[in-house]
Amino acid sequence: MELTKVFENNEKWIARKLEADPDYFKNLSKGQSPEILYIGCSDSRVTAEDLMGAQPGEVFVHRNIANMVTSIDLNVMSVLNYAVNHLKVKHVVVCGHYFCGGVKAAMQAEDLGILNPWLRNIRDVYRLHEKELNAIADETERYNRLVELNVQEQCINLIKTAAVQKAYKERGLKVHGWVFDIHSGKLIDLKIDFDSLLKDIMQIYNLSS
Ligand code: CO
């Protein structure tokens, strides 16, 4: 994409928005109250707002390689705490996608330098579910199952945080795991049972007295 095209497109976008609503930007500048925090992959094919049909102001977005929620990543933890404690979002979504390059890289025997510690978190997901994954003979199927299990583990990482535990208790915040199927464009809800997951891990990860 030509960069000059970006600014041309921007002008056209402004015109379209103002045509539909002359106060569009005036209203947009008043503030945001999104109900969803979306944590997705940086992959250029998985466009958060576009695939959900969301408008500006509706979704708080964080994207990184392979949609990871890592407790020592100040970036994702800042986004999470701001969205949950200040914006008071009702839903936190982790959205992975089939044929994720980050997940694929974590299945290879290769030194990828600075990416190693990041992808190590995905290798840990593999180790945690090694039995199930190794029982899948087809490599593509195994790879896509790891995408799903990675989403599930990142949801668990979310509910290990004090911010999510507190908001769940106080106002019923919900965590969701989704996968975007690049082949069909379909968004799939993995229907992760948040309540039972929380129950399972609380004995160890409970941060509220
Ligand atoms: Co990806």
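See above for the structure.
These figures come from a predicted structure and were not determined experimentally. (Residues numbered from 1 in each chain as written. Predicted model: local features only at pLDDT ≥ 70, side-chain atom pairs only at ≥ 80, totals over all residues. Heavy atoms only, no water.)

S.K.: When you look at the coordination of the cobalt ion in this model, what are you seeing that I'm missing?
M.R.: For the cobalt ion, the full set of protein donor atoms is Cys41 (SG), His97 (NE2) and Cys100 (SG), and the range of their distances to it is 2.0 to 2.3 Å. Residue Cys100 is classed as buried on the basis of its relative accessible area of 1%. (Donors = N, O, S within 2.8 Å, 3.2 Å for Na, K, Ca; no water. Buried < 20%, exposed > 50% of the residue type's maximum accessible area, 1.4 Å probe, protein only.)

S.K.: Can you walk me through the sheet that holds strand S3 (residues 91-97) in this structure?
M.R.: Consider a sheet: its strands pair through backbone hydrogen bonds, and that pairing is either parallel or antiparallel. Spatially, five strands are ordered S2-S1-S3-S4-S5 in an open sheet, and the strand pairing comes out mixed. Both edges of this open sheet fall to strand S2 (59-64) and strand S5 (186-189), since each of them pairs with a single strand only. Between one strand axis and the next, the sheet turns through 25° on average, direction left out of account. Here strand S1 (residues 36-41) pairs with S2 via six bridges, running parallel. Each residue of the ladder has a partner; that of Cys41, found in S2, is Asn64. (Pairing = 2+ DSSP bridges. Helix = DSSP H or I, 4+ residues; strand = E, 2+ residues; numbered from the N terminus. Axes fitted to C-alpha atoms, helices over the stretch in contact; angles between N-to-C directions.)

S.K.: What's the story with the pairing of strand S4 (residues 174-181) in this structure? I'm lost.
M.R.: On a regular strand, each side chain points to the face opposite its neighbour's, so the side chains alternate between the two faces of the sheet. Within S4, seven of the eight residues are buried, which leaves it mostly tucked inside the rest of the structure. In this sheet, S4 lies alongside S3 in parallel orientation, the contact comprising seven bridges. Paired with Val93 across the strands is His176, a residue of S4. Sheet topology note: the S4/S5 ladder contains four bridges and is antiparallel. Counterpart to Trp178 in the pairing with S5 is Asp189. Counting the residues that bridge the hairpin from S4 to S5 gives four residues, and of these Gly185 lies at a positive phi of roughly 85°.

S.K.: Quick question: what am I supposed to make of the pattern of salt bridges here?
M.R.: One side chain can pair with another of opposite charge once the charged atoms of both are near each other. Taken as a whole, this structure holds eight salt bridges when the rule is applied. Across the salt bridge formed by Glu148 and Arg145, the nearest N and O atoms sit 2.7 Å from each other. Note that Glu148 and Arg145 are positioned in helix H8 (residues 139-159) at a spacing of three residues, about one turn of the helix. Classification of Arg145 by relative accessible area gives partly exposed; the value is 25%. A salt bridge links Lys166 to Glu170; its shortest N-O distance comes to 3.8 Å. Here the residue Lys166 and the residue Glu170 both occupy positions in helix H9 (residues 162-171), the gap between them amounting to four residues, near one helical turn. Under the relative-accessibility criterion, Glu170 is labelled exposed at 59%. (Salt bridge = Lys/Arg side-chain N within 4 Å of Asp/Glu carboxyl O.)

S.K.: What is the right way to look at the environment of Leu197 in this model?
M.R.: Here Leu197 is to be found in helix H10 (residues 194-205). Taking the C-alpha atoms as reference points, Leu197 and Ser44, 153 residues apart in sequence, are found 31 Å from one another. In this structure Leu197 touches Ile156, Ile159 and Ile192, once residues within four positions along its chain are discounted. (Contact = heavy atoms within 4.5 Å.)

S.K.: I tried to follow H10 on my own but got confused; where do I start?
M.R.: Because an α-helix completes one turn every 3.6 residues, residues spaced three or four positions apart along the sequence face the same direction. Here H10 spans only 14 Å end to end across twelve residues, well under the 16 Å set by a 1.5 Å rise per residue. For H10, the full list of buried residues reads Phe194, Leu197, Leu198 and Ile201. One face of H10 carries all of its buried residues, which in axial projection span an arc of 95°. The exposed residues of H10 that point more than 90 degrees off its buried face are Lys199, Asp200 and Gln203. The secondary structure elements touched by the buried residues of H10 are H8, H9 and S4. (Expected span 1.5 Å × (residues − 1). Arc of directions from axis to C-beta.)

S.K.: Explanation requested: helix H4 (residues 74-86) in the structure shown.
M.R.: For H4, with 13 residues, the first-to-last C-alpha span of 17 Å sits near the 18 Å given by 1.5 Å per residue. Taken together, the buried positions of H4 are Val76, Met77, Val79, Leu80, Ala83 and Val84. In a view along the axis of H4, the buried residues occupy a sector of 160°, so they form one face of it. Exposed positions of H4 whose direction lies more than 90 degrees from the buried face are Leu74 and His86. Those residues of H4 that are buried are in contact with S1, S2, S3, H8 and H9. The N-capping residue of H4, defined by a side-chain oxygen 3.1 Å from the backbone nitrogen of Asn75, is Asp73. Directly after H4, the chain includes Lys88, whose backbone phi takes a positive value near 55°. (Polar contact = N/O pair within 3.5 Å; in protein donor to acceptor, adjacent residues only side chain to side chain.)

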